[in-house]
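Summary of structural features
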Amino acid sequence: MNQSNILYQQWTERVTDPVLAEDLRAITGNAEEINERFYQTLSFGTAGLRGILGAGTNRMNIYTVGAATQGLCTYLSGRYGCAKVAIAYDSRHNSRLFAEQSARILAANGHKALLYPELMPTPSLSFAILHLQCQAGIVVTASHNPAKYNGYKVYGEDASQISPEVADEILGYIAKIDYFSGIKTIPLEDGLKDGSITYIGQETVDAYLDAVLAEQIDPEACRKTPISVVYTPLNGTGNKCVRAVMERIGVDKVAVVPEQENPDGDFPTCPFPNPEEATAMQHAIDLADKLGYDIVIATDPDADRAGVAVRHGGSYHRLTGNEIGVLMLRYIVQRRGEMGTLPENPVAVKSVVSTKLADRLAKEMGVQMIDVLTGFKFIGEQIALLEEKGETDRFVLGFEESSGYLTGPHARDKDAVNAA
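Position numbers for residues count from 1 along each chain, tracking the sequence in the order it is written. A pLDDT threshold of at least 70 governs which residues receive local features in this predicted model, and a stricter bar of 80 or more applies before side-chain atom pairs are shown or counted, although totals over entire chains, interfaces and linings include all residues. Computation of side-chain values: all heavy atoms of the structure, hydrogens and water removed.

Re the pairing of strand β10 (residues 306-312)
By definition, two strands form a pair when at least two bridges between them are found by DSSP. Under the scheme used here, helices are H or I runs from DSSP no shorter than 4 residues and strands are E runs no shorter than 2 residues, and both carry numbers assigned from the N terminus. Note that strand β9 (residues 295-299) and β10 share five bridges and pair antiparallel. For I295, the partnering residue across the bridge sits in β10 and is V310. Hairpin geometry of β9 and β10 is characterised by an intervening segment of six residues between the two adjacent antiparallel strands and by a positive phi of about 55° at A303. Across four bridges, β10 lies against strand β11 (residues 315-318) in antiparallel orientation. From the neighbouring strand, A309 faces β11, where its bridge partner is R318.

Overview of helix α15 (residues 376-388)
In a regular helix each residue adds 1.5 Å, so 13 residues correspond to 18 Å; α15 covers 19 Å between its end C-alpha atoms and thus fits that length. Within α15, the full set of buried residues consists of F376, K377, F378, I379, G380, Q382, I383, A384 and L386. After α15 finishes, the residue G390 shows a positive phi value of roughly 70°. How far a helix is expected to stretch is found by multiplying one less than its residue total by 1.5 Å. Only protein chains enter the calculation, and the probe is 1.4 Å; a residue is then buried if its accessible area is under 20% of its type maximum, exposed if over 50%, and partly exposed in between.

Topic: the environment of Y89
With respect to the helices and strands, Y89 occurs in strand β2 (residues 84-89). For Y89, a relative accessible area of 6% corresponds to the buried category. Sequence separation between Y89 and T237 is 148 residues, and the spatial gap between their C-alpha atoms is 8.7 Å. The contact rule is simple, with two residues in contact once any of their heavy atoms fall within 4.5 Å. Beyond its immediate sequence surroundings of up to four residues, Y89 is in contact with S95, R96, A99, Y116, P117, E118, L119, M120, V139, V140 and T237. Between N or O atoms, a polar contact is any pair within 3.5 Å; within protein, one atom must be a potential hydrogen donor and the other a potential acceptor, and residues adjacent in sequence are included only when both atoms are from side chains. A polar atom in the side chain of Y89 sits 3.3 Å from the backbone oxygen of P117.

Some remarks on the packing of aromatic side chains
Stacked, tilted and edge-to-face pairs are distinguished by plane angle, under 30 degrees for stacked and over 60 for edge-to-face with tilted covering the rest, among Phe, Tyr and Trp rings (Trp via its six-membered ring) whose centres lie within 6.5 Å. Under the defined criterion, the tally for this structure stands at seven aromatic pairs. Between W11 and F180, the aromatic rings sit 5.3 Å apart at their centres with planes inclined by 80°, giving edge-to-face as the arrangement. Here W11 is found in helix α1 (residues 3-14), whereas its partner F180 is found in the loop between α7 (164-174) and α8 (188-194), with 169 residues between them in sequence. Residue classification places W11 among the buried residues on the basis of a relative accessible area of 1%. Taking 4.9 Å as the distance between ring centres and 50° as the angle between the ring planes, the aromatic pair formed by Y63 and F180 counts as tilted. A residue pair is termed long-range when its members are at least 10 positions apart, and Y63 in helix α4 (residues 62-80) and F180 in the loop between α7 and α8 qualify at 117 residues. The class of Y63 is buried, set by a relative accessible area of 9%. Taking relative accessible area as the criterion, F180 reaches 24% and is therefore assigned partly exposed.

So, the environment of D302
Examined against the element boundaries, D302 turns out to sit in the loop between β9 and β10. Overall, the relative accessible area of 0% leaves D302 in the buried class. Taking C-alpha positions, D302 is 9.6 Å from N235, a pair spaced 67 residues apart along the chain. With near-sequence residues (within four places) excluded, D302 lies in contact with D90, P121, T122, P123, T141, S143, K153 and T237.

Section: the sheet that holds strand β15 (residues 404-406)
Taking strand neighbours across the sheet as the criterion, the four strands line up as β13-β12-β14-β15 in an open arrangement whose pairing is mixed. Two strands close off the open sheet at either side, each with one partner strand: β13 (368-372) and β15. For this sheet, the mean angle separating the axes of adjacent strands, direction not counted, is 15°. Bridge count between strand β12 (residues 347-351) and strand β14 (residues 395-400): four bridges; the pairing is parallel. Bridging across to β14, V349 finds its partner in G398. For helices, the fitted line uses only the C-alpha atoms of the stretch in contact; every axis is such a line through C-alpha atoms, and the angle between N-to-C directions lies from 0 to 180 degrees. Contacting β12, β13 and β14, helix α14 (residues 357-365) crosses the sheet at an angle of about 155° to β13. On the sheet, α15 packs against β12, β13, β14 and β15 and is oriented at approximately 165° with respect to β14.

Section: the layout of surface pockets
As a volume, the largest pocket reaches approximately 1,100 Å³. Of all the elements in the fold, those that place two or more residues in the lining of the largest pocket are α9 (202-213), α10 (221-224), α11 (239-248), β9, β10, α13 (321-339) and α16 (416-419). It is α13 that provides the largest number of residues to the lining of the largest pocket, a total of nine residues. Polarity classes work like this: nonpolar for Ala, Val, Leu, Ile, Met, Phe, Trp, Tyr, Cys and Pro, charged for Asp, Glu, Lys and Arg, and polar for all others, with Gly in that last group. Looking at the lining of the largest pocket residue by residue, the class counts come to 27 nonpolar, five polar and six charged. For each structure, a 1 Å grid was placed over the protein atoms alone; sets of points admitting a 1.4 Å probe that cannot get out are labelled cavities, open sets with protein on both sides within 12 Å along at least five of seven lines are labelled pockets, and lining residues have an atom within 4 Å of a point. Grid points are joined across faces, edges and corners, and a volume is the space filled by probe spheres set on the points.

Just geometry here; none of it tells us what the structure is for.
What follows is the structure in structure tokens.
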């Protein structure tokens, strides 16, 4: 019997979750499927876990998520003793389950779990780490992947995704954990009762929105020049926050795509819920065309990426991530210069694979452009370095060609609410 079959047999005997137990029974005798689910353990790295939902060591489920959290607990105990950990989750299947499971494990291991009570954008998790002075954060999301996926990302006390060195250390702890006997948990109700698990309050949500709104370049722009917007959260987490921000900056004409307004982990009208995909934005463009609105904004399911389409020449033109980044850079620097709010020696940061046009523009406009490796955590690192020198105000924009943007130090991850 090969290793995959041995593990399958062990899981069949030991899994108590009824949904996963049924999933295991459904693949009885299917050698190819058994091997695919058990030939390896779902990899853990700087982006945490990401995989297809289901039973198996190579799947996202309460056991693989539990092992990751137990490994994180060992790391946190060694470094901090007792740590505070913020947790957020998106609209995907099992996201809330995995978030609550993580909180239960943290509490059982002597840490304090701070859990958003409803789905929230990924950047609000990064914000909460800084705002609530946490030592780590967890967000349960598979970002813009198809519905069959979910994921689990870990953030450090700097509110950026963990470094390769920290990921390797946590992976070492995970590798030693027995999925069925090595994970400590307590009931959620017990954690809420004794205070080891608490819900993140509305004050933090409001503080996040205030921090986003503080990044406005011209607070009266949308009132002086009214625009009409079609918005789609692609059945994800952006709906409440993006609409609240647009209302507060004076965008009065906002239409939301009805089929994509509410959270839905199946993403029925956008099987690839990524603003970079033409199909994901088509419903919004169709609605804008019907209404004659000026601009379309889409945010991906965890609201860290933003896509845009603009009405031009009688039709709607989708902008690439590079085009949006260049337009943002030019507008921010030019308008802040006109308003007298541009800092001395402004700094912008982009991923090395993003357009060189931004480098040319930055040079012409007197902005220092820093190129970093692909991954927004490296942009976050540059913000942290500026913070160490007391020069955070020099940061004007971070972006990457894959539709990720950030204009302030309130988070250390791309922020589609801020971008919108």
